[in-house]
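One letter stands for each residue in the lines below.
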Amino acid sequence: MDLFEYMRSTNQEKESPLAARLRPTTLDEVVGQQHIIGKDKLLYRAIQADKLSSIIFYGPPGTGKTTLAKVIANTTSAEFTQINATVAGKKDMEEVVEKAKNLSGMYGKRTILFIDEIHRFNKGQQDYLLPFVEDGTLILIGATTENPYFEVNGALISRSIVFELQPLSKEDIKTLITRAVYDKDKGMGGYDAVIDEEAMEFLAELSGGDARHALNAVELGVMTTNRSDDGKIHVTLEVAQECIQKRVLRYDKTGDNHYDTISAFIKSMRGSDPDAAVYYLSCMLYAGESVTFIARRIMICAAEDVGNADPMALNVAVSASLAVERIGMPEAQIILSQAASYVACAPKSNAACEAVFAAAREVEQSGNLPIPTHLQDAHYKGAARLGHGTGYKYAHDYPNHYVEQQYLPDQLTGKRFYTPTGNGYEAKIRDYMKRIKEEAAHDEK
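The text that follows walks through the structure, step by step, so that each part is easy to find. (Residues numbered from 1 in each chain as written. Predicted model: local features only at pLDDT ≥ 70, side-chain atom pairs only at ≥ 80, totals over all residues. Heavy atoms only, no water.)

1. Some thoughts on the overall build of the protein chain
Logical step 1: Helix and strand counts for the protein chain come out as 20 helices and seven strands.
Logical step 2: Radius of gyration (C-alpha) of the protein chain: 32 Å, far over the 22 Å computed for a compact globule of 445 residues.
Logical step 3: Taken along the three principal axes of its C-alpha coordinates, the protein chain extends 100 × 65 × 45 Å.
Logical step 4: In the protein chain, which comprises 445 residues, the share counted as buried stands at 44%.
Logical step 5: By sequence separation, contacts in the protein chain at least 24 residues apart represent 73% of the contacts at least 6 residues apart.
Logical step 6: On the protein chain, roughly 24,600 Å² of surface is accessible, and the fraction owed to carbon and sulfur atoms is 52%.
Logical step 7: Here the protein chain carries 49 positive and 61 negative side-chain charges, and the mean point of each set is 4 Å from the other. (Helix = DSSP H or I, 4+ residues; strand = E, 2+ residues; numbered from the N terminus. Rg over C-alpha atoms; globule rule 2.2 N^0.38 Å. Buried < 20%, exposed > 50% of the residue type's maximum accessible area, 1.4 Å probe, protein only. Contact = heavy atoms within 4.5 Å. Areas by Shrake-Rupley, 256 points an atom, 1.4 Å probe, with all protein chains shown as cover. Lys, Arg positive; Asp, Glu negative; His and termini not counted. Charge placed at Lys NZ, Arg CZ, Asp CG, Glu CD.)

Right, here's the structure in full:
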């Protein structure tokens, strides 16, 4: 390291955000995640013994993935190299691999490669790492906010241990806030600041388990608040409310929580729980989810899970979809709430949904079977000479506008795809179909 690099590194340490300066350097300083770094846990023992194998840290932002990697960097005797997948390319990895080979060959020294946001690497970039992880040239530490079983190469996953980090508890956040305000070495203790208990409670509650968000709010509060008459900077509830204007939600419109929330929303409507449905609806709207996306999911649920048990459900859902496009937020939330609660409270039947899936399986298995001649079009030129349409019975000429005749292909005669349930309006459909068929059979006798 030359003089300029040393000065840059020193200045960066002083001027870095509070969340970065406060990062622990030893395992004993780490707050939270005791389910993986408790003293009796595998990861703790592996770090202490400096016997790490390749690992993947998976969890929401601000839960300590990079922190744990930094602790490992300060603990291990191996060469520690860090790259970020958002900016690194193959050339960067080639340089790391070349250096790792030299260190191993000349000094027998291992190399740990920490890749932040590893899910950002494409398949080819991840494939490049595989042989070097496999032969021990590199010990991989990957950090990701996305489910690694979907976003990381399966071969890399099979050679790594996946550790899932949980959102920090309220008490964990309060511990970090206290450290941030009063620690004179890494925190802001030199500013002679104090934080009120209610302000600490507020920040710990609204940070949503994201330590970084809480610490950023503390730093902003201390740096922008004037000293009181007693010479101290008081971080009050009012100051805290200004510094964190909106509750943090662990929600990324392209991430796991997006899919988990929409899944819970749909399952709540399907399960006839309007309270849960509007709660998850509010979670999505609060996080800025697209109203048209939500409306599409309500329409699908109305058709798939309510079906003909209440045909009005689809009408309500479609009307809501058109309305939210024209109106937008904030009023769109009222329309979506009406539609979601209606679908949740409606009687349920997936008979129509199952019918089309069963028919699709039949088509896939049987192919395109011949249409009965009497159902074929008799209007085009030459159709009559071929007998097309001959023998067709016009339903409106018969009682109840129904007549028994074959509609399915010959090979599927008697096959049933749609079986109405006894729920809601579908019970009327079932009873009606039964009645007209029985009366038609009686009239033939």
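2. Structural notes on the packing of helix 10 (residues 170-182) against helix 12 (residues 211-224)
Logical step 1: Viewed as axis vectors pointing N to C, helix 10 and helix 12 meet at an angle of 35°, and their least axial separation amounts to 10 Å. In this structure, helix 10 meets helix 12 at a crossing whose hand is right-handed. Note on element contacts: helix 12 touches helix 10 through Ala211, Ala214, Leu215 and Val218, opposite Ile173, Leu176, Ile177, Ala180 and Val181.
Logical step 2: A class-by-class count of the residues in the contact of helix 10 with helix 12 yields nine nonpolar, no polar and no charged. (Axes fitted to C-alpha atoms, helices over the stretch in contact; angles between N-to-C directions. Left-handed = near helix turned anticlockwise from the far one by under 90°. Nonpolar A, V, L, I, M, F, W, Y, C, P; charged D, E, K, R; others polar.)

3. Concerning the sheet that holds strand 5 (residues 161-164)
Logical step 1: Ordered by their spatial adjacency, five strands build an open sheet running 2-3-4-1-5, and the pairing between neighbours is parallel. The open sheet has two free edges, formed respectively by strand 2 (79-84) and strand 5, since each of these has just one partner strand. The average angle at which neighbouring strand axes cross in this sheet is 15°, direction not considered.
Logical step 2: Sheet topology places strand 1 (residues 55-58) next to strand 5; four bridges connect them, and they run parallel. (Pairing = 2+ DSSP bridges.)

4. Topic: unusual backbone geometry
Logical step 1: The linkage connecting methionine 329 with the following residue, proline 330, adopts the cis geometry, with an omega of 10°.
Logical step 2: With respect to the helices and strands, the residue proline 330 is situated in the loop between helix 17 (312-327) and helix 18 (332-345).
Logical step 3: You will see that glutamine 33, though not glycine, has its phi angle at about 60°, which is positive.
Logical step 4: Here glutamine 33 lies in the loop between helix 2 (18-21) and helix 3 (34-37).
Logical step 5: Although it is not a glycine, asparagine 400 adopts a positive phi angle of roughly 60°.
Logical step 6: Structurally, asparagine 400 can be placed in the loop between helix 19 (351-366) and helix 20 (424-444).
Logical step 7: Exposure remark for asparagine 400: the relative accessible area of 28% places this residue in the partly exposed category.

5. Points about the side chain of glutamate 362
Logical step 1: Take glutamate 362: it is sitting in helix 19.
Logical step 2: Judged by its relative accessible area of 12%, glutamate 362 is buried.

6. Here's the deal with the pattern of salt bridges
Logical step 1: For the structure on display, the rule yields 19 salt bridges.
Logical step 2: Glutamate 79 serves as the salt-bridge partner of lysine 99, at 3.3 Å between the closest nitrogen and oxygen. Separated by 20 residues along the polypeptide, lysine 99 in helix 6 (residues 90-107) and glutamate 79 in strand 2 bring together distant segments of the chain.
Logical step 3: Owing to a relative accessible area of 45%, lysine 99 belongs among the partly exposed residues under this scheme.
Logical step 4: Salt bridges sharing common partners tie together Lys170, Glu171, Lys174, Glu197, Glu201 and Glu205. (Salt bridge = Lys/Arg side-chain N within 4 Å of Asp/Glu carboxyl O.)

7. Here we look at the packing of aromatic side chains
For any pair of aromatic rings, the description consists of the separation of the ring centres together with the inter-plane angle of the planes.
Logical step 1: Applying the stated criterion across every chain yields a total of four aromatic pairs.
Logical step 2: Centre to centre, the rings of tyrosine 279 and tyrosine 280 are 5.2 Å apart; their planes meet at 70°, and the pair counts as edge-to-face.
Logical step 3: Relative accessible area serves as the criterion here: at 27%, tyrosine 280 is assigned to the partly exposed category. (Phe/Tyr/Trp six-rings, centres within 6.5 Å; stacked < 30°, edge-to-face > 60°.)

8. Here's the deal with the pairing of strand 4 (residues 139-144)
Logical step 1: Within strand 4, six of the six residues are buried, which leaves the element mostly enclosed by the surrounding structure.
Logical step 2: The side-chain alternation of strand 4 yields two buried faces, one formed by Ile139, Ile141 and Ala143 and the other by Leu140, Gly142 and Thr144.
Logical step 3: In this sheet, strand 4 lies alongside strand 3 (residues 111-116) in parallel orientation, the contact comprising five bridges. Bridge pairing in strand 4 places aspartate 116 opposite alanine 143.

9. A few points about the environment of cysteine 353
Logical step 1: Assignment of secondary structure puts cysteine 353 in helix 19.
Logical step 2: For cysteine 353, a relative accessible area of 11% translates into the label buried.
Logical step 3: Sequence separation between cysteine 353 and alanine 323 is 30 residues, and the spatial gap between their C-alpha atoms is 26 Å.

10. Remarks on the environment of tyrosine 342
Logical step 1: Within the secondary structure layout, tyrosine 342 lies in helix 18.
Logical step 2: Owing to a relative accessible area of 30%, tyrosine 342 belongs among the partly exposed residues under this scheme.
Logical step 3: Considered as a pair, tyrosine 342 and alanine 317 are 25 residues apart in the sequence and their alpha carbons are 8.7 Å apart.
Logical step 4: Residue contacts for tyrosine 342: discarding those within four places in its chain leaves Asp310, Met312, Ala313 and Val316.

11. Brief notes about helix 17
Logical step 1: When the terminal C-alpha atoms of helix 17 are compared, their 22 Å separation across 16 residues agrees well with the 22 Å that a helix rising 1.5 Å per residue should span.
Logical step 2: For helix 17, the complete set of buried residues consists of Ala313, Val316, Ala317, Ala320, Ser321 and Val324. Around the axis of helix 17, the buried residues are gathered within 140° of arc, so they sit on the same side. Exposed residues on helix 17 whose side chains face more than 90 degrees from its buried face are Glu325 and Arg326.
Logical step 3: Against helix 16 (291-306) and helix 18 lie the buried residues of helix 17. (Expected span 1.5 Å × (residues − 1). Arc of directions from axis to C-beta.)

12. Looking at the nonpolar core
Logical step 1: Of all hydrophobic cores here, the largest spans 32 residues; its most connected members are Ile177, Ile195, Leu203 and Val218.
Logical step 2: Of all the elements in the fold, those that place two or more residues in this core are helix 2, helix 10, strand 6 (193-195), helix 11 (197-206), helix 12, strand 7 (233-235) and helix 13 (237-243).
Logical step 3: If sequence neighbours within four positions are ignored, isoleucine 177 has contacts with Ile195, Met200, Leu203, Ala204, Ala214, Leu215 and Val218.
Logical step 4: One finds Ile262, Ala277, Met284 and Val324 within the second-largest nonpolar core, a separate group that totals 30 residues. (Core = buried A, V, L, I, M, F, W, Y, C linked by side-chain atoms within 4.5 Å.)

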